[in-house]
Amino acid sequence: MYKLLYANSLLPSPVKLSLILVIIANTALYISLPILPTYIVEDKQMDGAIVGIVLSLTLFTSSVFSIFTGFLSDKFGYKIMIVGGLILRSIGFFGTSIIDNVQGVVILSFINGLGSAFNRPAISSVLASASPEMRPIVFALYNQMLNIGVVIGPIIGALGLLFIDPKYCFIISGSLFIVGAAIAQILLFTPSTKPSSEIRLVDNVKVVLADKKFIIYCFAVFFGWFLISQLNITWSIKAVEKGGALIWANIFVFFNGLIGIIAMHIICKIFIGLKVLRLVFLGFVGMIITLIIVTIANKTLIWLLLCLILYTIAESFLLQGLELKVVEHITPNSSASYYGIFNFVAGMGGIIGSYCGGCMISCMNDSTIWFLLAIIGSCGLIPIYFLAYMEESSRKYN
């Protein structure tokens, strides 16, 4: 922990400020996200199917548009995309507190997703601008900031529900996004890139698509996020089933963030000492083994919570490795383009993972669900094997 804090003092100002923005944005998101389904159904009196449309559209928009916003970030600069994304997300949350018709809520979910697409490639690119020796620590801190938001946000949201109307939670979220945008506009000075006239979209597309190792790696990203997405669908639904109350979904989200923070402090030295591809491999193996363990003895809520601890530790390895691996491929003027493709593939893995998890829950027994998820997740080890083989062959050749 102290090493992370000490390292933070040595980081460039844009990187440190970006990490602060990550905390603000994720806290704002998780103040309202856990109550969004109930708010739409009960407070706005809309059909439950609208919840699925809203969540899916937000994730889909964030994923698909990341391809284009990544290229735009490389061309026009990271700061404008970060500020613009935070403003769009504030509009989405402010609007959700006011608009009461289906069309409006769906449009706002699109705006939310677009704001996320503006933010993610740009922020990742700023973080990747740190020196090579500092990058493992930077992305360890990045994952910590995400987890801190996951922990703080639901607490603020829960306290808000006790004393105020639920719509004010969305107003608080929107206000935090505005605060983040103001901080970024005033204080954020991002790493310089070529003048925009020298960067062409088609050139960056060619650079990314010509990187065969990166394309192979994207298959691992897809299956990795397929597994990660189960935390928000399969794990949460099974927690509610076994706990007998909706609050257990929020409790599992909270514990996932808290365990992630603790795990990152404990195993940070392991992260820094391991090769990136090995981090990804260990993350996959840990999550797959945990799913098999759940399959073998899936009886009680306590057992599910213990397995969640193992799953979250493995997730920490996987998230850290997946982000760091991208850095090995980026070039000075295409970093956001690479992260745009990365976010697109990760989002597709999350969308399809959520859809598959939901379908499995509706028609399969528990043991079959967990075992089938483990089998599908195992497919992510195939591109990891090919990449390891290519890297080993390259070392022998050189």
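Residues numbered from 1 in each chain as written. Predicted model: local features only at pLDDT ≥ 70, side-chain atom pairs only at ≥ 80, totals over all residues. Heavy atoms only, no water.

Considering the overall build of the protein
- Broken down by element type, the protein carries 17 helices and zero strands.
- Every one of the 398 residues in the protein was classed for burial, and the buried ones make up 52%.
- Of the contacts formed within the protein by residues at least 6 apart in sequence, a portion of 86% connects residues at least 24 apart.
- Taken as a whole, the protein presents about 17,400 Å² of accessible surface, with 72% of it coming from carbon and sulfur. (Helix = DSSP H or I, 4+ residues; strand = E, 2+ residues; numbered from the N terminus. Buried < 20%, exposed > 50% of the residue type's maximum accessible area, 1.4 Å probe, protein only. Contact = heavy atoms within 4.5 Å. Areas by Shrake-Rupley, 256 points an atom, 1.4 Å probe, with all protein chains shown as cover.)

So, the nonpolar core
- In terms of nonpolar packing, the biggest core is built from 102 residues, with I82, F139, W235 and F284 touching the most fellow members.
- At 14 residues, helix 14 (residues 301-327) tops the list of elements feeding residues into this core. (Core = buried A, V, L, I, M, F, W, Y, C linked by side-chain atoms within 4.5 Å.)

Observations regarding the packing of helix 10 (residues 212-228) against helix 13 (residues 276-296)
- At a closest axis distance of 11 Å, the pairing of helix 10 and helix 13 adopts a crossing angle of 40°. If you check the angle between helix 10 and helix 13, you find them oblique. By crossing handedness, the relation of helix 10 to helix 13 is classed as left-handed. Residue-level contacts link A220, F223, G224, L227 and I228 of helix 10 to F284, M287, I288 and L291 of helix 13.
- Of the residues that constitute the contact of helix 10 with helix 13, the class distribution is eight nonpolar, one polar and no charged. (Axes fitted to C-alpha atoms, helices over the stretch in contact; angles between N-to-C directions. Parallel < 35°, antiparallel > 145°, perpendicular 65-115°, else oblique. Left-handed = near helix turned anticlockwise from the far one by under 90°. Nonpolar A, V, L, I, M, F, W, Y, C, P; charged D, E, K, R; others polar.)

Thoughts on the pattern of salt bridges
- Tallying each qualifying case throughout the model produces three salt bridges.
- Across the salt bridge formed by K238 and D366, the nearest N and O atoms sit 2.5 Å from each other. Note that K238 is positioned in helix 11 (residues 234-243) and D366 in helix 16 (residues 366-378), a separation of 128 residues in sequence.
- Using a relative accessible area of 3% as the deciding quantity, one classes K238 as buried.
- Between E328 and K325 there is a salt bridge, with its nearest N and O atoms 2.8 Å apart.
- On the basis of relative accessible area, K325 is assigned to the buried category, the value being 3%.
- Each of K238, K242 and D366 takes part in one network of salt bridges that share partners. (Salt bridge = Lys/Arg side-chain N within 4 Å of Asp/Glu carboxyl O.)

Details of the packing of aromatic side chains
- Under the criterion given, the structure shown has twelve aromatic pairs.
- Between Y385 and F386 the ring centres are 5.9 Å apart and the planes differ by 70°, which places this aromatic pair in the edge-to-face class.
- With a relative accessible area of 55%, Y385 lands in the exposed category.
- F386 sits in the partly exposed class, given a relative accessible area of 45%. (Phe/Tyr/Trp six-rings, centres within 6.5 Å; stacked < 30°, edge-to-face > 60°.)

Here's the deal with a nonpolar patch on the surface
- Residues I152, I155, I156, L159, L162, F163, I164, Y168 and I172 make up a contiguous nonpolar surface patch of about 820 Å² in total accessible area.
- Counting only elements with at least two residues in the nonpolar patch, the list comes to helix 7 (135-163) and helix 8 (167-187). (Patch = residues over 30% accessible without salt bridge, like charges linked within 9 Å, V, L, I, M, F, W, Y side chains within 5 Å.)

Looking at the environment of V327
- Here V327 shows up in helix 14.
- Overall, V327 belongs to the buried group, its relative accessible area being 8%.
- Setting aside its immediate chain neighbours within four residues, V327 contacts A128, R135, F139 and Y339.

Some thoughts on the side chain of N343
- If you trace the backbone, N343 turns up in helix 15 (residues 335-363).
- Overall, the relative accessible area of 3% leaves N343 in the buried class.
- Polar side-chain contacts of N343 include one of 3.3 Å to the side chain of R120.
- With sequence-adjacent residues up to four places away left out, N343 is seen in contact with S63, S66, R120 and P121. (Polar contact = N/O pair within 3.5 Å; in protein donor to acceptor, adjacent residues only side chain to side chain.)

Describing the state of the cysteines
- Under the counting rule described, the total for this entry stands at zero disulfides.
- Distance from the sulfur of C356, which forms no disulfide, to the nearest cysteine sulfur (C359) is 6.5 Å.
- Of the residues examined, C356 reaches a relative accessible area of 23% and is grouped as partly exposed. (Disulfide = S-S within 2.5 Å.)

Focus on helix 8
- With 21 residues, helix 8 extends 31 Å from end C-alpha to end C-alpha; this agrees with the ideal 30 Å at 1.5 Å per step.
- As for helix 8, its buried residues are in contact with helix 2 (13-32), helix 3 (36-43), helix 5 (78-98) and helix 7. (Expected span 1.5 Å × (residues − 1).)

Remarks on the environment of V102
- Secondary-structure assignment places V102 in helix 6 (residues 102-128).
- A sequence separation of 62 residues divides V102 from I40, and the C-alpha atoms of the two residues are 9.4 Å apart.
- Ignoring anything within four residues of it in the chain, the contact list for V102 reads M46 and I50.

Some remarks on the side chain of S116
- Relative to the helices and strands, S116 is located in helix 6.
- Look at S116 and you get buried, because its relative accessible area is 10%.
- Of the polar contacts made by the side chain of S116, one reaches the side chain of S62; its length is 3.1 Å.
- When sequence neighbours within four positions are dropped, the list of residues in contact with S116 reads S62 and R89.

Comments concerning the environment of N232
- Along the chain, N232 turns up in the loop between helix 10 and helix 11.
- With relative accessibility at 57%, the residue N232 sits in the exposed group.
- As for N232 and G357, which are separated by 125 residues in sequence, their C-alpha atoms are 9.6 Å apart.

Here's the deal with the packing of helix 6 against helix 7
- Their axes nearest at 9 Å, the elements helix 6 and helix 7 cross at an angle of 145°. Between helix 6 and helix 7, the contacting residues are S124, L127 and A128 on the first element and R135, V138, F139 and Y142 on the second.
- Of the residues contributing to the contact of helix 6 with helix 7, the split by class is five nonpolar, one polar and one charged.

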